[in-house]
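Listed below, chain by chain, are the residues.
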Amino acid sequence: MIQRRSFLHTSAAISLLGLGACATTASIPAKAKVVVIGGGYGGATAAKYVRLLSEYKIDVVMIEPNYNFVSCPISNLVIGGSKQLADLTTPYSGLSSNHGVTVVRDTVTSIDPSKKTVTLSQGQSVAYDKLIVSPGIDLNFASIEGLKAASESGQILQAWKAGAETVALRKQLEAMPDGGTYAIAIPLAPYRCPPGPYERASQVAWYFKNKKPKSKVLILDANPDVTSKGPLFKAVWANDYKGILEYRGNHKTVAVDARTNTVKFDVQDDVTATVLNVLPAMRAGQIALQAGLANQANNNWCGVNYVTFESTAAKDIHVLGDSIQIAPGMPKSGHMANSQAKVCATAVVAQLSGWEVNAAPMLTNTCYSFVDDKRVVHVASVHQIGQFDGRTTFVTVPGSGGVTAAATGATELEGVYAMNWAKNIWADTLS
Amino acid sequence: MKKQTIWTILTVSVLALHTIPAAAQDATTINLKSLAATCANCHGTNGKAFEGSAVVTLAGLPKNYIVTQMKAFASGQRPATIMHQLAKGYSDTQIEQIASYFAAQKK
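Peer 1: Explain the overall build of chain B here, please?
Peer 2: A count of helical and extended segments in chain B gives 7 helices and 0 strands. Mapped from its N terminus to its C terminus, chain B presents α and β elements in the order α-α-α-α-α-α-α. Across the 107 residues in chain B, those meeting the buried criterion constitute 38%. Pairs at least 24 residues apart make up 51% of the contacts formed inside chain B by residues separated by at least 6 positions.

Peer 1: It is not clear to me how the overall build of chain A should be interpreted in this structure. Could you clarify?
Peer 2: When helices and strands are tallied, chain A shows 11 helices and 24 strands. For 431 residues, the compact-globule estimate of 2.2 N^0.38 gives 22 Å, and the C-alpha radius of gyration of chain A, at 21 Å, lies within 12% of that figure. The principal-axis extents of the C-alpha atoms in chain A amount to approximately 60 × 55 × 45 Å. In chain A, buried positions account for 51% of the 431 residues.

Peer 1: Can you walk me through helix α3 (residues 27–36) of chain B in this structure?
Peer 2: Structural remark: α-helix, 3.6 residues per turn; residues separated by three or four positions point the same way. With 8 of 10 residues buried, α3 of chain B lies mostly within the body of the structure. Taken together, the buried positions of α3 of chain B are T29, I30, N31, L32, K33, S34, L35 and A36 of chain B.

Peer 1: Sorry, what's going on with the environment of L430 of chain A here?
Peer 2: Residues and elements named next belong to chain A. Among the secondary structure elements, L430 is positioned in helix α11 (residues 412–430). Once the C-alpha coordinates of L430 and G40 are considered, the two residues, 390 residues apart in sequence, prove to be 9.4 Å apart. Each residue touching L430, except ones within four places of it in the same chain, is listed here: A44, F69, T90, Y92, G94 and L95.

Peer 1: Is there a simple way to explain the sheet that holds strand β13 (residues 253–257) of chain A in this structure?
Peer 2: Whenever strands of a sheet pair, they do so through backbone hydrogen bonds, lying parallel or antiparallel. All names here are of chain A. Read from one edge to the other, the open sheet built from 3 strands follows the order β13-β14-β15, with strand pairing classed as antiparallel. Every other strand in the sheet has two partners, leaving β13 and β15 (271–272) as the edge strands with one partner each. The sheet contact formed by strand β14 (residues 262–265) and β15 spans 2 bridges and is antiparallel. Residue pairing for β15: T262 is matched across the bridge by T272.

Peer 1: Would you take a moment to explain the confidence of the model for chain A for this structure?
Peer 2: A low pLDDT means the predicted coordinates there should not be read in detail. With 94% of its residues at a pLDDT of at least 70, chain A reaches an overall mean of 94. Low pLDDT, under 50, characterises residues 1–25 of chain A; the stretch is placed with 17 contacts to residues that sit more than four places away or in other chains.

Peer 1: Looking at this model, I keep getting lost on the domain arrangement of chain A. Mind explaining?
Peer 2: Many structure descriptions define interface size as the accessible area lost when the parts assemble. All names here are of chain A. Domain parsing of chain A yields domain 1 (2–138 + 283–359) and domain 2 (141–280). Distance between the C-alpha centres of domain 1 and domain 2: 29 Å. Across the boundary between the two partners, domain 1 contributes 19 residues, which contact 20 residues of domain 2. In terms of residue count, the dominant contributor to the side of domain 1 that touches domain 2 is helix α3 (residues 76–80) (5 residues). Looking at the side of domain 1 that touches domain 2, its residues break down into 10 nonpolar, 7 polar and 2 charged.

Peer 1: Would you mind showing me how to read the environment of A350 of chain A here?
Peer 2: Within the secondary structure, A350 of chain A is located in helix α10 (residues 334–353). Beyond its immediate sequence surroundings of up to four residues, A350 of chain A is in contact with W355, E356, V357 and N358 of chain A together with A27 and I30 of chain B.

How each quantity is defined
Residues numbered from 1 in each chain as written. Chains lettered and ligands numbered in written order. Predicted model: local features only at pLDDT ≥ 70, side-chain atom pairs only at ≥ 80, totals over all residues. Helix = DSSP H or I, 4+ residues; strand = E, 2+ residues; numbered from the N terminus. Buried ≥ 20, exposed ≤ 12 C-beta atoms within 10 Å, placed from the backbone. Contact = placed C-beta atoms within 7 Å. Rg over C-alpha atoms; globule rule 2.2 N^0.38 Å. Pairing = 2+ DSSP bridges. pLDDT = per-residue confidence, 0-100. Domains from an automatic or database assignment. Nonpolar A, V, L, I, M, F, W, Y, C, P; charged D, E, K, R; others polar.

What follows is the structure, encoded as structure tokens:
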């Protein structure tokens, strides 16, 4: 672990130096067969697998504004205090050195689907034959009155994209006097990482139980009940965090008052807390919204053909990960984005090679949640192409999938598997 | 009959992969790689997990061993935390294909 950590630090430092040194000279290709927007679980995996599956014949440019990949899965442990951000940080250099992906540290400001080009922040444009858009989520601050200003001032955080804000939220909890209250407000589903808020609440409860035993955790959920692994979380809360953690469903946040640190709901009474963690409604990432790819669910999410992940709004543009309109039983998760990316990469390589596209792709999802520093519960599923409501989509394979057995509940064995899952998927995505 | 066709294609493509990789690339081989890649999230790219991983490396395991274990997971004969739920998501044909693929990978 120590070795890995110092390795991460070293490589992070090297990549910082490297990028700093070549930032002015980095040549951005004028054209690539495949351009990928976003280096998260979806985009990075797609970039790597287009290279792998084409036996390195198809050139790939990946455009990502961050120096390093910081994993959302496991980031709740930074908030609980048992992990550091460096433990979940991986440089992008593996994609370039091991697979020849051209990684451009920049932001795409616009997409022109007719000219088949993307424009970067400094005005350069890159042409593509196929564009893969994997921008994650956009937090819709307009859905909660007062939240944008309270978030920008650093007072009411979200920390729903792992990074500096994850550490800032941890610092707020460390600074909170014992006897205070941490409250997390959850939007209506669908949102990124269904069990994420409940895992985070458990992490904070674990920290309070050990370090600030007079403090409380309050979950204010817009949904009527826990949206993922409900019985498993509730068993842990009743056994381990009784008197510390309280769950309240049907609490849809409509406004925050930063002056008094108060949350207001559509129906229920106001709640004031010491540390507020308010998650607004979510929608497809900015560039997907701006390019008109979000054509589903009141233009919040991007419709795709699930066999290829090609957008239903624009030809030769594929959309992956948290930005898409989900199929039945499909969560917005990092593992799912990695799985989708492989299906998409296979389709893109086939299309660019003039081959028939695989009509029967498969997806898996495995999602682990830590309820303290060691013990974990999971949900897993396997998905195949099928019919639902008269549409061709992904459906779960009958009889497959499930959650941690109620009889065992959260275990340390699953905690070991969860950390091993993390290291293997980080390597599968980035190395 | 159908199974046999798939088998023939599979045998040919797996052999081809390891003798003349450049020429072997076609829709069938990338679809096979893509199917096997559904295991890679947990077991590593091409079935190679990191050294010391508690999630096993599948690359280089004997084909029959992988098939037997997947069926034992699915039937409940081999107890598991999660693999019994995932194993039930794959058909017998898919399990055979995946097992052949990983058996042919270098450790």
